[in-house]
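# Remarks on the overall topology
Chain residues, written in single-letter form:
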Amino acid sequence: MNKNFKVYRSSAGSGKTYALSLNYIVLALKGSGNSYINYYKRILAITFTNKAAAEMKERILRYLFILSEKEDIDNILDYILKETDLEKNEVYKRAKKVYHHILHNYSDLSVSTIDTFTSRIIRTFARDLGISYNFNIILDNNKIIQPVIALLLSKVSKKGGDLTNSLVNFALSKTNEGKNSNIEKDLEQFSHELFKENAFSYIDEDILTIDQCMSLRKKLHDQFHQTEEQIYKLRKEVLSYFNSHDINEKFFIRGSYFNFFNKHLIRIDYKFKISTLKTLIKNIESDKWYAKSSEQKIKDKIDFCKEDLKQYFQKILFLLKEYFSVKAILKNIYSISVLNEIRSDIIKYKSKNNIEQLSEFNKKINSIISNQPAAFIYERIGERYNHYLIDEFQDTSALQWQNLLPLIIESIDYGKSIIVGDAKQSIYRWRGGQIEQFLALPNLNNIQHIINSQDWRKKLNYHYQEYKLSSNFRSRKNIIDFNNKFFFSAKSLLAKDLKQVYDNHAQNTQVAKPGGYVHIELFENKKNDYRLLILDRILEEIKALVQVHKCMYKDIAILCNSSKRINLVANHLTINGIPIVSEDGLLL
């Protein structure tokens, strides 16, 4: 059996799009037996952005056109001949037929973003999910959040009420934290957390009303004081035990156990330190009660009382856990009640306006297809793909991957699935992207809840083939060398679990053009405005590049970390006669 699950681990400029495009063409030209003209319909290529999807489509069509003209570019012909076992003239002939068929059936060229494919599935399962088929997709969550927050604030009444009190207390908590008491922006930012994929597992489907939250607050308040009384009662009991057995702080290593009950539990809010508790737990787990130099009679007495002391400690741990858990909930109860009210209003708003958020789709789909046979999913979608090509896999979220898995698992027995990614370029953690699942391949993380997950792991491991794209076709030699040295040095500063991101990071320079320029300069002048120093150095560097190195202005780009800095740099360069093109300038 052929191994059909290929993973390309790449780096910047290593030809990810090139590799995917070539693999797409190879699959399309090989077809199935003698049937190949419309076999491209059986291939789905998934990218992360519309721009990347358009680039891949353009690359596929350009390569097919060049081959149809019996020409070669970028050494694509050698690769295709090797992978297809076809004769050169046969490749030319098939490329021409496939190219013209795609032009006449362009919509069947399945290269799309993962969000587009997701929305296609959601419409297929709209009835199962209890949503209307003709819903509108909202890409910008602000278009839902802002009107919902405005509606929520309009409910505030001078007469008070639970909602008003919750909002007032929410504002007061912000003030106590030293933040602005204007809560509209805070509520909007607060609401965005509801739509992040990593929050889904913590959000219950049941929504408590404001009334229920306030009722819960009263019960928790009573529970909090009862637990506090139990802690003080147990402390008193332990101190009595010490007294009856003639035990003092000298009996314990650094007096830790004795002082914990005698001093640290006098006032929990003021005296208690988590660090002290952690040290005590570590000592008890290691059976370290007294110093080695202690007298034998002290050791004998503690050994005799050890089981009682352990039981007391387990009791106090249980009470402290309850005490601090309830305290944390009470501290945030108003935030929780407001958040629940927002969730409730969002659901009503979406239903009333017949809209759905793209960010919610993956959760909805996962609830339907993760435990359905792939054949059922294919039947509902209305089309069966034999091959899946996924670009920028490092930015794929856990739910997105889980939603694609049943289709890939079903297909790899007879068709290839190809994944390309670069863990170092992961930039979408804010929307659920997980580099860990790319690093773990062919193993699968966090799919224990899915039926047949063990069989999926076995199949992926069997079909797994790994390739490394180690050449850099984009940058010049000096830049590649600098990056290799920088990553090698910088990875030693990372946490252990992140170091593997930079394993085998070095790129070879065999195909790189000579040259390249890297200059790093740090500014720490506190007497003078360091921003002015930076602006002057930018100007000097530009002049040197143009006058000494004969670069063109159009070949120079300046990246800033904010729009404010862009304006600062643009103004400085303009004043000094450097022609610029900026986003703001284009709007004039």
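Here goes a summary of the coordinates provided. (Residues numbered from 1 in each chain as written. Predicted model: local features only at pLDDT ≥ 70, side-chain atom pairs only at ≥ 80, totals over all residues. Heavy atoms only, no water.)

## Topic: helix α3 (residues 76–84)
Of all the positions in α3, only Ile76, Leu77, Ile80 and Thr84 are classed as buried. Buried residues in α3, looked at end-on, bunch into an arc of 95 degrees, giving them a common side. Exposed residues lying more than 90 degrees from the buried face of α3 are Asp78 and Lys82. Against α1 (16–30), α2 (50–68) and α4 (88–104) lie the buried residues of α3. (Buried < 20%, exposed > 50% of the residue type's maximum accessible area, 1.4 Å probe, protein only. Helix = DSSP H or I, 4+ residues; strand = E, 2+ residues; numbered from the N terminus. Arc of directions from axis to C-beta. Contact = heavy atoms within 4.5 Å.)

## Here we look at unusual backbone geometry
The omega torsion of the bond from Leu441 to Pro442 falls at 15 degrees, within 30 degrees of zero and hence cis. With respect to the helices, strands and loops of the structure, Pro442 is situated in the loop between α18 (435–440) and α19 (453–463). We note that Asp74 has phi near 55 degrees; this positive angle belongs to a residue other than glycine. What makes Asp74 partly exposed here is its relative accessible area of 42%. The phi torsion at Asn354 lies on the positive side, around 55 degrees, for a residue other than glycine. Its place among the elements puts Asn354 in the loop between α14 (296–353) and β5 (355–357).

## Notes on the packing of helix α22 (residues 530–547) against helix α23 (residues 563–575)
At their nearest, the axes of α22 and α23 sit 10 Å apart, and the two run at 55 degrees to each other. What the angle tells us is that α22 and α23 run oblique. Where α22 crosses over α23, the handedness of that crossing is right-handed. Note on element contacts: α23 touches α22 through Arg565, Leu568, Val569, His572 and Leu573, opposite Tyr530, Arg531, Leu535, Asp536, Ile538, Leu539 and Ile542. (Axes fitted to C-alpha atoms, helices over the stretch in contact; angles between N-to-C directions. Parallel < 35°, antiparallel > 145°, perpendicular 65-115°, else oblique. Left-handed = near helix turned anticlockwise from the far one by under 90°.)

## What about the nonpolar core?
Core analysis: the largest hydrophobic core is formed by 38 residues, its most contacted members being Phe5, Phe117, Trp401, Leu404, Ile419, Leu441 and Leu460. Those elements that place two or more of their residues in this core are β1 (5–9), β2 (43–47), α5 (114–124), α15 (358–369), β6 (387–390), α17 (398–411), α18 and α19. With six residues, α17 is the largest single contributor of residues to this core. Apart from the residues lying within four places of it in its own chain, the contact partners of Leu460 are Phe5, Trp401, Leu405, Ile409, Ile412, Pro442 and Leu444. (Core = buried A, V, L, I, M, F, W, Y, C linked by side-chain atoms within 4.5 Å.)

## Concerning the packing of aromatic side chains
Inspection of the entire model under this criterion finds 22 aromatic pairs. Each ring, one from Tyr385 and one from Tyr388, has its centre 6.0 Å from the other, and the planes form 70 degrees; the classification is edge-to-face. Considered together, Tyr385 and Tyr388 belong to a single accessibility category, that of buried residues. Each member of the aromatic cluster is reached from another via a ring pair, and the members are Phe242, Phe252, Tyr257, Phe258, Phe260, Phe261, Trp289 and Phe313. Across from the ring centre of Phe438, 4.6 Å away, lies the NZ or CZ of Arg9, which sits over that ring. Seen from the ring of Tyr36, Arg94 lies directly overhead, with NZ or CZ sitting 4.3 Å from the centre. (Phe/Tyr/Trp six-rings, centres within 6.5 Å; stacked < 30°, edge-to-face > 60°. Lys NZ or Arg CZ within 6 Å of the ring centre and 35° of its normal.)

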